[in-house]
Protein chains: 2
Amino acid sequence: MIGNFTYCNPTKLYFGKNALESLNSELSKYGKKVLLVYGGGSIKRNGIYDKVIALLEANGKTVFEDAGVMPNPTIEKVKEGVARARAAKADLILAVGGGSVCDYAKAVSVSVNCDEDIWEKYFIRFEDVSCEIVPVGCVLTMVGTGSEMNGGSVITNHDEKLKIGHVFGENVFPKFAILNPEFTFTLPKYQMISGIYDIMSHILEQYFSGTDDNTSDYLSEGLLRSLIHSANIAVEDPLDYEARSNIMWTATWALNTLIAKGKTTDWMVHMLGQAVGAYTDATHGMTLSAVTMPYYRYILPYGTAKFARYAINVWGVEPANKTEEEIACEGLDRMEAWMKKLGLVMHLTDLGATREMLDGMVKSTLTKDGGYKVLDETDIRAVLSASF
Amino acid sequence: MIGNFTYCNPTKLYFGKNALESLNSELSKYGKKVLLVYGGGSIKRNGIYDKVIALLEANGKTVFEDAGVMPNPTIEKVKEGVARARAAKADLILAVGGGSVCDYAKAVSVSVNCDEDIWEKYFIRFEDVSCEIVPVGCVLTMVGTGSEMNGGSVITNHDEKLKIGHVFGENVFPKFAILNPEFTFTLPKYQMISGIYDIMSHILEQYFSGTDDNTSDYLSEGLLRSLIHSANIAVEDPLDYEARSNIMWTATWALNTLIAKGKTTDWMVHMLGQAVGAYTDATHGMTLSAVTMPYYRYILPYGTAKFARYAINVWGVEPANKTEEEIACEGLDRMEAWMKKLGLVMHLTDLGATREMLDGMVKSTLTKDGGYKVLDETDIRAVLSASF
């Protein structure tokens, strides 16, 4: 654990089949006016909406609705939500949905009392919050992003063809999150496996950085093994409560800052995926899976030792009589085979991307310097091209 | 992750070589009167005391001292500390030391404004706190107990020959903890390896419970592998910063409630060790190491599958062509060899225990029902006897 760092995560998690009941104790901490934020209406079909409304009413809340949050929430929609929150004088923003809804709720939370241009302030200049926030609570219905226990908020600007994430401080973290694995049962398989790969990528993008030997990497290996094990079960039987519960818990701990401690972290798969997302509006996790193999095979020579460790500790590659590079490649081969078996998208063409978009996607890809190689435009082009 | 549970851990951790500087920002959150709690004076010899005093004075604090907290803090000493905190009208209790000092600070914290008999209330009747607490902050100088990020407080009553722990709620958790691995460098080797084994036992006593397959167990395996790896380095070179930092971080996460989620947890090694501690006043971690092998070999038949998993995933036992029991036993054999190599105490006689104490220790051992076998008096006698 080299370097100085702080850890503080104040989000209270309620987990299990009865988790929603905890709304009773949580709601009493906030004022009467609640902005209920959700997406396209699936929570109305599966009954979660009715349960939440009943609890809000039983607790004497006045409910203001903000529906229609899209999978990749836009800055225009955020501005609409801000207007609704201001009109309602909301005391609490209750996000019911997946990571997009949580991300969106946080973006509204930090903007209600902000007079500046929020896209410029938070997503271009990456400034800290300088106004009072409106507290956010989450009822999670899709897992993957970890947004329920962190400060992350990814917003898309279609005019500028940009999809950018801001990581806010702990005051913006959801005050509470309700995690009932059963709420994820009705999710279509495509969304489920996309979420699983989002989790995996979160872990890997923190793991594949640094050459020191720290506890975070051992925790990451544990999370990866748990995720792979439970994903194999869930893809066969999506109603397996134990597998879905492990996936849900792993998602939260994959991106709540813990496994980044003492590490530089990489995040280039997300940078590449977000550029793809800005052009195709594809499901987030699938944009990551489509660029993963080209990216990791491209940077393997710069971090061979770590890829070899990954192969042995996560994929059970037998190291005897093999070079470090052979071990590392065998690990990626096993990962690729597993990804295909799970049903993940492996090519950008399957997400509606065309070669005409390539120049734009290359230019939209932000670069990071925490991983094993800092990519330049030529590198980015090579990686994205290899996914067509 | 079977069952319903909540997770909330509000302690803010400052980690690294510069961690002590964060006292500046933390102290500003509290009033002027600080009760400085510490042990036998080692912090005066190694300079930490002077650094802390300088920071307290620079922040305009009035310091009241409460020194002499013993390795197994007694209820008499807690009552003395309560009197000091009351006289000082302390706004903050700053614990500088190891787990004993932190445990003691928490016991004082919940007792300053309590009119009842605190031994009876907290350590016999295990009641919740019903009074205002005095906030606690920690500067850690010895690792092992995890007390810096949890609600645990273990107190000894010599009159009643009892050493009992109460796990308080999150309002009693330290508000902040300062973790500088260098502060542990001057610790004698005996104390260092005792702390390492305390950490290991914390992980194992949560791991060895339940038959479901949950993420907590994968995280535990990661922590165990990290701990074993770093312990092997630290025992050869106690000044290896990276190893000591991993051990410090692992200690915190071994007992801050995370890896217990979704599990019943066992804790019989601690129950046995605490009974030994009440009779011998021996170093806590060594009371655990001395009873571990007799206990795990005794319960192995009731949890063979988990012991086999442990052998494979933590100790790298090759499972091919072996029965589950053979695999499980080989894992414990490897663990025993490692414990001896590290220099841990393996027999109660090496802690000053005599056969005359056996009846008393058996009677003082509290039982728990979360592990693979609920022990009766005959079982407890058999386990303790096997350690002589």
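Residues numbered from 1 in each chain as written. Chains lettered and ligands numbered in written order. Predicted model: local features only at pLDDT ≥ 70, side-chain atom pairs only at ≥ 80, totals over all residues.

A closer look at the overall build of chain A
- Scanning chain A for helices and strands turns up 15 helices and 8 strands.
- Compactness check: chain A gives a C-alpha radius of gyration of 20 Å against a globular reference of 21 Å for 388 residues, within 12% of the reference.
- Across its three principal axes, chain A shows a C-alpha extent of roughly 70 × 45 × 40 Å.
- Classification of the 388 residues of chain A by burial places 55% in the buried group.
- Contacts spanning at least 24 positions in sequence make up 79% of the contacts within chain A whose residues lie at least 6 apart. (Helix = DSSP H or I, 4+ residues; strand = E, 2+ residues; numbered from the N terminus. Rg over C-alpha atoms; globule rule 2.2 N^0.38 Å. Buried ≥ 20, exposed ≤ 12 C-beta atoms within 10 Å, placed from the backbone. Contact = placed C-beta atoms within 7 Å.)

Observations concerning the relation of the copies chain A and chain B
- Expressed as a screw transformation, the operator carrying chain A onto chain B has a rotation angle of 180° and an axial translation of 0.0 Å, and the superposed copies differ by an RMSD of 0.0 Å. The superposition operator between the copies reduces to a two-fold rotation axis.
- Both copies contact each other with a shared surface, as 100% of the interface residues of chain A are interface residues in chain B too. (Least-squares fit on C-alpha atoms with pLDDT ≥ 70 in both.)

Topic: the nonpolar core
- By size, the foremost hydrophobic cluster in this structure holds 251 residues, and its most contacted members are Val-37, Ile-93 and Val-276 of chain A together with Val-37, Ile-93 and Val-276 of chain B.
- Discounting chain neighbours no more than four positions away, the residues touching Val-276 of chain B are Ala-282, Thr-287, Ala-290, Val-291, Leu-348, Leu-351, Ala-353 and Met-361 of chain B. (Core = buried A, V, L, I, M, F, W, Y, C linked by C-beta atoms within 7 Å.)

What to know about the interface of chain A and chain B
- Tallying the contact residues gives 33 residues for chain A and 33 residues for chain B.
- Sorting the residues of the side of chain A that touches chain B by element identifies strand 1 (5-15), helix 8 (215-236) and helix 9 (241-254) of chain A as the ones contributing at least two each.
- When residues in the side of chain A that touches chain B are grouped by element, the largest group, 9 residues, is from strand 1 of chain A.
- Considering only residue class, the side of chain A that touches chain B consists of 14 nonpolar, 12 polar and 7 charged. (Nonpolar A, V, L, I, M, F, W, Y, C, P; charged D, E, K, R; others polar.)

Some details on the environment of Asn-59 of chain B
All names here are of chain B.
- Turning to its location among the elements, Asn-59 is positioned in the loop between helix 3 (48-58) and strand 3 (62-66).
- Using a count of 16 C-beta atoms within 10 Å as the deciding quantity, one classes Asn-59 as partly exposed.
- Here the alpha-carbon distance between Asn-59 and Leu-224, two residues 165 residues apart in the chain, equals 40 Å.
- Residues within four places of Asn-59 in sequence aside, it is in contact with Asn-24, Leu-27 and Ser-28.

Here's the deal with unusual backbone geometry
- One non-glycine residue, Lys-89 of chain A, lies in positive phi territory at about 50°.
- Position of Lys-89 of chain A relative to the elements: it lies in the loop between helix 4 (75-88) and strand 4 (92-97).

So, the sheet that holds strand 4 (residues 92-97) of chain B
- On the basis of which strands lie adjacent, the open sheet formed by 12 strands has the order 3(A)-2(A)-4(A)-5(A)-8(A)-1(A)-1(B)-8(B)-5(B)-4(B)-2(B)-3(B) and mixed pairing. Unpaired on one side and paired on the other, strand 3 (62-66) of chain A together with strand 3 of chain B mark the two borders of the sheet. Recorded for the sheet is a direction-independent mean angle of 25° between the axes of neighbouring strands.
- Relative to strand 3 of chain B, strand 2 (residues 33-38) of chain B runs parallel, the two being bridged by 5 bridges. By the bridge assignment, Lys-33 of chain B is partnered in strand 3 of chain B with Thr-62 of chain B.
- Sitting on the sheet, helix 5 (residues 99-109) of chain A touches strand 2 (33-38), strand 4 and strand 5 (136-140) of chain A, and the angle it makes with strand 4 of chain A is about 165°.
- Sheet strands touched by helix 4 (residues 75-88) of chain B: strand 2, strand 3 and strand 4 of chain B. Its angle to strand 2 of chain B, the strand with the most contacts, is close to 160°. (Pairing = 2+ DSSP bridges. Axes fitted to C-alpha atoms, helices over the stretch in contact; angles between N-to-C directions.)

A short note on the domain arrangement of chain A
Residues and elements named next belong to chain A.
- The assigned domain composition of chain A is domain 1 (12-183) and domain 2 (189-385).
- The C-alpha centroid of domain 2 is placed 27 Å from the C-alpha centroid of domain 1.
- With 18 residues of domain 1 in contact, the opposing surface of domain 2 contributes 27 residues.
- Listing elements by their share of the side of domain 1 that touches domain 2, those giving two or more residues are strand 1 and strand 7 (162-167).
- Within the side of domain 1 that touches domain 2, the residues separate by chemical class into 9 nonpolar, 6 polar and 3 charged. (Domains from an automatic or database assignment.)

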